[in-house]
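Descriptive structure summary
The primary structure of each chain is shown beneath.
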Amino acid sequence: EPIEDVVVPIGVLFRQANVTAQYNLGVCYENGIGVTQDYAKAVNWYREAAEQDDIHAQYQLGVCINERERSPKGQVLAYKWLSLASAQGHGRAQKQLKNIETKMTKKQITEALRLVCEFKRKHSKSHRMDRLDLRGLFSWQASLLTAKRL
């Protein structure tokens, strides 16, 4: 029997910043575990956790967007979230990035990287740490953009 009657009130509590619970609720909605499967709710819960810099939520959000939103804007958002997860060392995110970047234009990648910078500025505890976190990502991305020109 679905536990949605229980999940929805618990969802209110999860919104109060329990990142792991938010991510897990996203998994439940994405896969229909104990609730009716609902992609939109899954994305919302993943986004809640991803906005708090959760590496796994950023990865899952990027994957969900990439798989279900086949628009240029969707590709940019997927690339943003996968880049953030990749910058934290998520190996599968790095592989997904290589997959989708072949389908993106230089302009789309540049826009995604702008969104990454915006996210890091907004969520960074210190600007010094923000620069350190992004240095490796941007050197890798810069080589990609150079290769796209060839």
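Here, the structure is the one placed above.
Report on the accompanying structure. This is a predicted model, so every value here is computed, not measured.

The rules behind these values
Residues numbered from 1 in each chain as written. Predicted model: local features only at pLDDT ≥ 70, side-chain atom pairs only at ≥ 80, totals over all residues. Heavy atoms only, no water. Salt bridge = Lys/Arg side-chain N within 4 Å of Asp/Glu carboxyl O. Buried < 20%, exposed > 50% of the residue type's maximum accessible area, 1.4 Å probe, protein only. Helix = DSSP H or I, 4+ residues; strand = E, 2+ residues; numbered from the N terminus. Phe/Tyr/Trp six-rings, centres within 6.5 Å; stacked < 30°, edge-to-face > 60°. Expected span 1.5 Å × (residues − 1). Axes fitted to C-alpha atoms, helices over the stretch in contact; angles between N-to-C directions. Parallel < 35°, antiparallel > 145°, perpendicular 65-115°, else oblique. Left-handed = near helix turned anticlockwise from the far one by under 90°. Contact = heavy atoms within 4.5 Å. Arc of directions from axis to C-beta.

A few points about the pattern of salt bridges
Between side chains of opposite charge, pairing is possible as soon as their charged atoms come close. Inspection of the entire model under this criterion finds four salt bridges. Here Glu67 and Arg68 are joined by a salt bridge, their closest N and O atoms 3.8 Å apart. Taking relative accessible area as the criterion, Arg68 reaches 38% and is therefore assigned partly exposed. Taking the shortest distance from any N to any O, the salt bridge between Glu111 and Arg114 comes out at 2.7 Å. Of this pair, Glu111 and Arg114 both sit in helix α7 (residues 106-123), separated by three residues, roughly a single helical turn. Residue Glu111 is classed as partly exposed on the basis of its relative accessible area of 30%. Overlapping salt bridges bring together Glu30, Glu67 and Arg68 as one network.

A look at the packing of aromatic side chains
Within the structure shown, the criterion is met by two aromatic pairs. Ring centres 5.7 Å apart and planes at 40 degrees place the aromatic pair Tyr23 and Tyr46 in the tilted group. Residue Tyr23 is located in helix α2 (residues 19-31), and its partner Tyr46 is located in helix α3 (residues 39-50); the two are separated by 23 residues in the primary sequence. Judged by its relative accessible area of 0%, Tyr46 falls in the buried class. Considering the side-chain rings of Trp81 and Phe119, the 5.5 Å spacing of their centres and the 75 degrees angle between planes classify their relative orientation as edge-to-face. Taken together, the residues Trp81 in helix α5 (residues 72-87) and Phe119 in helix α7 connect sequence positions 38 residues apart. In this structure Trp81 comes out as buried when scored by relative accessible area, which is 2%. For Phe119, a relative accessible area of 3% puts it in the buried group.

Observations concerning α5
Taking 1.5 Å per residue as the helical rise, α5 with its 16 residues ought to reach 22 Å, and the 22 Å between its terminal C-alpha atoms agrees with that figure. Those residues of α5 not exposed but buried are Gly74, Gln75, Val76, Ala78, Tyr79, Lys80, Trp81, Leu82, Ser83, Leu84, Ala85 and Ser86. Among the residues trailing α5, Gly89 stands out with phi positive, at a value near 95 degrees.

Some details on the packing of α5 against helix α6 (residues 91-101)
One way to put it is that α5 packs onto α6 with a least axis distance of 8 Å and a crossing angle of 150 degrees. Here α6 runs roughly antiparallel to α5, going by the angle between their axes. You can see that α5 and α6 cross each other, and the crossing is left-handed. Note on element contacts: α6 touches α5 through Ala93, Gln94, Gln96, Leu97, Ile100 and Glu101, opposite Gln75, Ala78, Tyr79, Leu82, Ser83, Ala85 and Ser86.

Some words on α6
Within the span of α6, buried status applies to Ala93, Gln96, Leu97, Ile100 and Glu101. Each buried residue of α6 lies within a common arc of 125 degrees when the element is viewed along its axis, so the set occupies one face. When the buried face of α6 is taken as reference, the exposed residues oriented beyond 90 degrees from it are Arg92 and Lys95.

Focus on unusual backbone geometry
Positive phi outside glycine occurs at Asp53, with the angle close to 70 degrees. With respect to the helices and strands, the residue Asp53 is situated in the loop between α3 and α4 (55-68). By relative accessible area, which is 27% here, Asp53 ends up partly exposed.

Everything listed is a geometric property; what it means functionally is a separate question.
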